[in-house]
Amino acid sequence: MAILKTLWARSGLVVAALALLTACGSVRGEAVAAAPATGRSEVKAVAVDLCSKLNWGDLGYPGVGDPKSRPTKTGDITEWEQSCSWNQQQYNAGYKPPTPPNRDKYPPGIAGDIEAMGGDIALYKSIQENSSWVVVKIAYDSRRKAKESPDQYQEAGRTIYLTWDSSTAVCTASLPWVAGALAIAVADKTKAFGAPCDKAKSLVRLLLQREDQK
């Protein structure tokens, strides 16, 4: 696992994760809208446990071990009431890594592949150059309103706003959810799992189905 940590710290693969934080920052930099006092008193509070709404299996990315495992991090977007993130190194589209010797001694997934190949610098370099970090973040705040953008569509009677940054391969969706706002950001440069905005849209549908009712 030490090699994986070194790869994270030293390689350019961290760019996707950092770009995602920037995308989320544009959402969380939005001023919190104060609700009118007359309307607030009539709204029944809804208990929301955002991070229980999704697991790795819902995201559709391979190589994560237990598909029911919880997020990689929670509460990392401190300006929002609740936030969760999932990140996993994935092979780029079309890349097939060589089979390492004695692979069964190592854990499944890319992390185990890197451990198994750690002694061979050429193989290590091959994986480093042909992998990217896939990052998914979701955040909820009952005090906020959805961040509007020109690119929008309708889903289950709700207006969904999309923001796409082609330079970082980050797609952010913002929508009204429960009594506040929900933001979903997907960063994926691998090109192996479909367009990031398609992934964001699928998560929008899923989270609308699992929305706590007012």
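Residues numbered from 1 in each chain as written. Predicted model: local features only at pLDDT ≥ 70, side-chain atom pairs only at ≥ 80, totals over all residues. Heavy atoms only, no water.

## Some remarks on the pattern of salt bridges
Once the charged atoms of two side chains with opposite charge are near each other, the side chains can pair. According to the stated counting rule, one finds eight salt bridges in the structure shown. Among the ionic pairs, Arg143 bridges to Asp141, the shortest N-O distance being 2.6 Å. We classify Arg143 as partly exposed; its relative accessible area is 37%. Among the charged side chains, a network of salt bridges with common partners joins Glu81, Asp141, Arg143 and Arg144. (Salt bridge = Lys/Arg side-chain N within 4 Å of Asp/Glu carboxyl O. Buried < 20%, exposed > 50% of the residue type's maximum accessible area, 1.4 Å probe, protein only.)

## Overview of the state of the cysteines
Taken as a whole and assessed by the stated rule, the structure comprises two disulfides. There is a disulfide in this structure between Cys171 and Cys197, and the S-S distance comes to 2.0 Å. Linking Cys171 and Cys197, the disulfide has an S-S dihedral of approximately 100 degrees and is accordingly described as right-handed. Here Cys171 is found in strand E6 (residues 170-177), whereas its partner Cys197 is found in helix H7 (residues 196-209), with 26 residues between them in sequence. Like Cys171, the residue Cys197 is buried in the burial classification. Each bonded cysteine in the chain gets a number by its place in the sequence, and the pairs come out as 1-2, 3-4. (Disulfide = S-S within 2.5 Å. Helix = DSSP H or I, 4+ residues; strand = E, 2+ residues; numbered from the N terminus.)

## Observations concerning the pairing of strand E3 (residues 131-141)
Here E3 lies mainly inside the structure; eleven of its eleven residues are buried. Across the two faces of E3 the burial is the same, with Ser131, Trp133, Val135, Lys137, Ala139 and Asp141 and Ser132, Val134, Val136, Ile138 and Tyr140 all buried. In this structure, strand E2 (residues 82-91) lies alongside E3, joined through ten bridges in antiparallel fashion. Bridge pairing in E3 links Gln90 to Ser132. In terms of strand pairing, E3 meets strand E7 (residues 180-187) through seven bridges, oriented antiparallel. (Pairing = 2+ DSSP bridges.)

## A few points about the sheet that holds E3
Strand order across the open sheet formed by seven strands is E1-E2-E3-E7-E6-E5-E4, with antiparallel pairing between neighbours. The sheet is open, and its two edges are formed by strand E1 (73-74) and strand E4 (151-155), each paired on a single side.

## Brief notes about H7
Under the 1.5 Å per step criterion, the end-to-end length of H7 is 20 Å for 14 residues, consistent within 8% with the ideal 20 Å. Those residues of H7 that fall on the buried side of the exposure criterion are Pro196, Cys197, Lys199, Ala200, Leu203, Val204, Leu206, Leu207 and Leu208. (Expected span 1.5 Å × (residues − 1).)

## Quick look at the side chain of Asn92
Examined against the element boundaries, Asn92 turns out to sit in the loop between E2 and helix H5 (110-116). Assessed through its relative accessible area of 19%, Asn92 is described here as buried. Excluding residues that lie within four positions of it along the chain, Asn92 makes contacts with Glu129, Asn130, Ser131, Ser132, Thr190 and Ala192. (Contact = heavy atoms within 4.5 Å.)

## Focus on the confidence of the model for the chain
As a note on interpretation, predicted positions should not be read in detail where pLDDT is low. Summing up the model confidence of the chain, the mean pLDDT is 79 and the portion of residues at 70 or higher is 74%. Highest mean pLDDT in the chain belongs to E6 (98); lowest belongs to helix H2 (residues 15-28) (39). (pLDDT = per-residue confidence, 0-100.)

## Concerning the packing of aromatic side chains
Inspection of the entire model under this criterion finds three aromatic pairs. Look at Tyr61 and Phe193: their rings are 5.1 Å apart centre to centre, the planes differ by 85 degrees, and that puts the pair in the edge-to-face class. Of this pair, Tyr61 sits in the loop between helix H4 (56-59) and E1 while Phe193 sits in the loop between E7 and H7, placing them 132 residues apart in sequence. With a relative accessible area of 6%, Tyr61 lands in the buried category. Sitting over the ring of Tyr61, Lys199 keeps its end group 4.7 Å from the ring centre. (Phe/Tyr/Trp six-rings, centres within 6.5 Å; stacked < 30°, edge-to-face > 60°. Lys NZ or Arg CZ within 6 Å of the ring centre and 35° of its normal.)

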